[in-house]
Amino acid sequence: MIDGQGRSIDYLRISVTDRCNLRCVYCMPPEGVEWMPHDDMLSYEEIIRLCTLFARRGIRKVRLTGGEPLARKGLAQLVAGIKAIDGIESIAMTTNGIALADQLPDLLAAGLTAVNVSLDTLDRAQYAAITRRDKLPQALEGLYAALDAPGLRVKLNCVPMGDNDEQLVPLAALARDHDLAVRYIELMPIGLGGDLPGRTEEQVRAKLEEAFGPMAPCDDSLGAGPGHYFTVPGFVGKIGFISAMTHQFCHQCNRVRLTATGFLKTCLQYETGVDLRALLRSGAGDEAIDQAIAAAILQKPLRHHFCDAAGQREDERRNMNQIGG
Ligand code: SAM
Ligand code: SF4
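Basis of the calculations
- Residues numbered from 1 in each chain as written.
- Chains lettered and ligands numbered in written order.
- Predicted model: local features only at pLDDT ≥ 70, side-chain atom pairs only at ≥ 80, totals over all residues.
- Heavy atoms only, no water.
- Axes fitted to C-alpha atoms, helices over the stretch in contact; angles between N-to-C directions.
- Helix = DSSP H or I, 4+ residues; strand = E, 2+ residues; numbered from the N terminus.
- Left-handed = near helix turned anticlockwise from the far one by under 90°.
- Contact = heavy atoms within 4.5 Å.
- Nonpolar A, V, L, I, M, F, W, Y, C, P; charged D, E, K, R; others polar.
- Near = heavy atom within 4 Å.
- Polar contact = N/O pair within 3.5 Å; in protein donor to acceptor, adjacent residues only side chain to side chain.
- Areas by Shrake-Rupley, 256 points an atom, 1.4 Å probe, with all protein chains shown as cover.
- Core = buried A, V, L, I, M, F, W, Y, C linked by side-chain atoms within 4.5 Å.
- Buried < 20%, exposed > 50% of the residue type's maximum accessible area, 1.4 Å probe, protein only.
- Arc of directions from axis to C-beta.

S.K.: Help me understand the packing of helix 6 (residues 168-177) against helix 7 (residues 201-212), please; the structure alone is not making it clear to me.
M.R.: Between two packed helices, both the angle of their axes relative to each other and the distance between the axes serve to describe the pair. It is the contact of helix 6 with helix 7, at a shortest axis distance of 10 Å, that shows an interaxial angle of 60 degrees. Both helix 6 and helix 7 take part in a crossing whose hand is right-handed. On helix 7, the residues touching L168, V169, A172, A173 and R176 of helix 6 are V204, K207, L208, A211 and F212. When grouped by side-chain class, the residues that make up the contact of helix 6 with helix 7 number eight nonpolar, no polar and two charged.

S.K.: Which parts of the structure should I look at to understand the site of ligand 1?
M.R.: For ligand 1, the set of nearby residues contains 19 residues, the closest of which are G67, E68, S118, M188 and M320. Between a nitrogen atom of ligand 1 and a main-chain N or O atom of G67, the distance comes to 3.0 Å. A distance of 2.5 Å separates an oxygen atom of ligand 1 from a polar atom in the side chain of S118. When isolated, ligand 1 has an accessible area of 550 Å², and the protein chains bury 95% of it. Among the residues making up the shell around ligand 1, the classes are represented as seven nonpolar, ten polar and two charged.

S.K.: What is the right way to read unusual backbone geometry from this model?
M.R.: It is generally the case that most residues other than glycine have a negative phi and that most peptide bonds are trans. One non-glycine residue, R132, lies in the positive phi region at around 60 degrees. The topology assignment puts R132 in the loop between helix 4 (124-131) and helix 5 (136-148).

S.K.: Can you walk me through the side chain of T94 in this structure?
M.R.: Mapping T94 onto the fold places it in strand 3 (residues 90-95). Within the structure, T94 has its side chain in polar contact with the side chain of R63 (distance 3.1 Å).

S.K.: How should I be thinking about the nonpolar core in this particular structure?
M.R.: A general feature of soluble globular proteins is that nonpolar side chains tend to end up buried together. Membership of the largest hydrophobic core comes to 94 residues, with the highest contact counts inside it found for I14, L64, I82, Y184, I239 and L276. The element best represented in this core is helix 1 (residues 44-56), accounting for seven residues. Those residues in contact with I14 that sit more than four places away from it in its chain are I47, C51, V62, R63, L64, T65, I82 and L258.

S.K.: Sorry if this is basic, but what is going on with helix 3 (residues 100-110) here?
M.R.: Quick reminder: α-helices carry 3.6 residues per turn. Residues three or four places apart thus point the same way. Within helix 3, burial applies to L100, L104, L107 and A110. Buried positions in helix 3, seen along its axis, are confined to an arc of 125 degrees and lie on one side of it. In helix 3, those exposed residues whose orientation departs by more than 90 degrees from the buried face are D102, D106 and A109. The inward-facing, buried residues of helix 3 abut helix 2 (75-83), strand 3, strand 4 (114-118) and helix 5. Positive backbone phi, approximately 110 degrees, marks G111, located one or two places after helix 3.

S.K.: I would appreciate a short explanation of the side chain of N157 in the present structure.
M.R.: With respect to the secondary-structure elements, N157 resides in strand 5 (residues 153-158). According to the relative accessible area criterion, N157 is buried, its value standing at 7%. In terms of polar contacts, N157 uses its side chain to reach the side chain of R183, at 3.0 Å. Discounting chain neighbours no more than four positions away, the residues touching N157 are T94, N116, V117, S118, L119, D120, R183 and I185.

Here's what the structure looks like:
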């Protein structure tokens, strides 16, 4: 559907859990995390009912995220349920990759079309420091299993945060050798992300061009998201950037988010939206829920204000694992 600013909204990101088997420094505190009670989270049946209503309103692409989506039991069952909905064209997932090698056969059989694996470094000790867990071998096993899966589109997400400056070039080299888009995501001041020194697209590009030569922009948008992409001479894959801080893409934002507790969040920065779980559980009919979805999308904010001075902006204070990155 078209929102109040004339943007076409066809992409829904669904967070299926706030649980995670890592504790990335920009996303979760090391300990003392209070988990959402299981009963507060939408069941798969509730998610599928909502997705059916979203599809009637023009949602075509769905991405599962979290927390770590693979930490929720039986995820392939949800993938299959969403894939079967009339109008849904693609179902993707963003994961840290730790449990991917094990679960990939079931996910592929259920109809998963694309996967993004988050990986900030190829150095085992640094990975353990950033994620606070020594699991690089498992993450790489997941990434390579995805690259070996015929027909599955694969991207790698890296957040340049200062500590991993020396790893930006080795990560990009994965796109030289594999049909993979390696993307650099500018750190956003959400939750713990506000405490770290992120790197800008320009800073990362300069490092990559020094190593690999000039990169050429390509108009291939590679999917539903806000990434923009470059080709590099001799590379099989591509390099991409998601630069919410320095290249604001709000004017072409096509997405809304459903949190694990069923809140329809219409902008990453703000808490504006509607509590669909309350409606579902109060016994509301499809018509009432559909109207609530439409009203919230019409009110979707014009843009984020992450770049305003801290103190002058109204930040999202929850951590990314609670919102669904
Ligand atoms: N656990 C899964 C994963 O790590 O891919 C999915 C959820 S995670 C919250 C989704 C993405 O958000 C990851 O690629 C992560 O690197 C990114 N992320 C988390 N906090 C961020 C922040 N403050 N700024 C930018 N990206 C962030
Ligand atoms: Fe977990 Fe993903 Fe957050 Fe890392 S970024 S702590 S893997 S939810």
